[in-house]
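Here is how the chains run, residue by residue.
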Amino acid sequence: HSWRLDRLKRVCLRRYLLSPRAAELFWVKSHEIFFSFSGVRQRQQFTALLQLARTPLCNWPPSLHPRQVIKAERYTDLWRRHQISNFEYIMHLNVAAGRSYNDI
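This text gives an overview of the structure that appears in the document.

With that out of the way, let us pick up the overall build of the chain. Of the regular secondary structure elements, the chain holds four helices and three strands. Taken from N to C terminus, the helices and strands of the chain fall in the order β-β-β-α-α-α-α. Rg of the C-alpha trace for the chain: 14 Å, near the compact-globule value of 13 Å for 104 residues, within the 12% margin. For the chain, the C-alpha atoms occupy an extent of roughly 40 × 30 × 25 Å along the three principal directions. Buried residues in the chain amount to 31% of all 104 residues. A sequence separation of at least 24 residues applies to 38% of the contacts in the chain between residues at least 6 apart. Surface summary for the chain: the accessible area is close to 7200 Å², and the carbon and sulfur share equals 54%. Charge separation in the chain, taken as the distance between the mean sites of 17 positive and 7 negative side-chain charges, equals 6 Å.

Spelled out as structure tokens, the structure:
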């Protein structure tokens, strides 16, 4: 598989082995990839480099903290206006809360 950054649509910070040292990347019409780093600092360096790269489909929220992501992406508003289904809303909440597609 090629990891084309121009097709990257979302980056989520994750925990691995109870430590906040992972990130999950999601691509358009493709699979997701879970990266585990040796520590928080390495994850921060990785996400900082990603933000500098050309990722036109990835809307970077002001913060990658789950609570801020939910607010920035306005999924609750979309759900309240019936613009997304219950399933889509729950999937967005699970992803923002740190659940991975690998958990399913």
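Now that the structure has been shown, the text picks up again.
Turning next to helix α1 (residues 40-52). The end-to-end C-alpha distance of α1 is 19 Å, a good match for the 18 Å that 13 residues give at a rise of 1.5 Å each. Here α1 has its buried residues at Arg43, Thr47 and Leu50. The arc enclosing the buried residues of α1, seen along the axis, measures out at 55 degrees, which places them on a common side. Turned more than 90 degrees away from the buried face of α1 sit Arg41, Leu49 and Leu52, all of them exposed. Close packing links the buried residues of α1 with β1 (8-16) and β2 (19-27).

On to the environment of Asn59. Locating Asn59 in the fold gives a position in the loop between α1 and α2 (66-73). Exposure remark for Asn59: the relative accessible area of 63% places this residue in the exposed category. With 43 residues separating them along the chain, Asn59 and Tyr16 place their C-alpha atoms 24 Å apart.

Core analysis: the largest hydrophobic core is formed by ten residues, namely Leu8, Val11, Ala23, Leu25, Trp27, Ile33, Phe35, Phe37, Leu50 and Cys58. Secondary-structure elements contributing two or more residues to this core are β1, β2 and β3 (32-36). Counting residues per element, this core draws most heavily on β2, which supplies three residues. The residues touching Phe37, leaving out its near neighbours within four places in the chain, are Arg21, Ala22, Ala23, Gln42, Arg43 and Phe46.

The next subject is the environment of Val11. Note that Val11 resides in strand β1. Exposure remark for Val11: the relative accessible area of 8% places this residue in the buried category. Sequence-wise, Val11 and Ser85 are 74 residues apart; in three dimensions their C-alpha atoms are separated by 22 Å.

About the criteria used
- Every chain begins its residue count from 1, and numbering advances along the sequence as written.
- Since the coordinates come from a predicted model, pLDDT governs what is reported: local features require at least 70, and pairs of side-chain atoms require 80 or more to be given and counted, while whole-chain, interface and lining totals use all residues.
- Hydrogens and water molecules were not included; the side-chain quantities draw on all heavy atoms of the structure.
- Strands here are runs of E lasting at least two residues and helices are runs of H or I lasting at least four, both read from the DSSP assignment and numbered beginning at the N terminus.
- It is over C-alpha atoms that the radius of gyration is taken, and the globule rule equals 2.2 Å times the number of residues to the power 0.38.
- When accessible area is computed with a 1.4 Å probe and restricted to protein chains, residues below 20% of their type maximum are described as buried, those above 50% as exposed, and intermediate ones as partly exposed.
- For this analysis, residues touch if any pair of their heavy atoms sits within 4.5 Å.
- What sets the accessible areas is the Shrake-Rupley method with a 1.4 Å probe; for residues, cover comes only from the shown protein chains.
- His is not counted, nor are the chain ends; Lys and Arg add positive charge and Asp and Glu add negative charge.
- Each charge is placed at NZ for Lys, CZ for Arg, CG for Asp and CD for Glu.
- Take the residue count of a helix, subtract one, and multiply by 1.5 Å to get its expected span.
- Throughout, the arc means the angular range of directions from the helix axis out to the C-beta atoms.
- In these notes, a set of buried Ala, Val, Leu, Ile, Met, Phe, Trp, Tyr and Cys residues joined through side-chain atoms within 4.5 Å is what counts as a nonpolar core.

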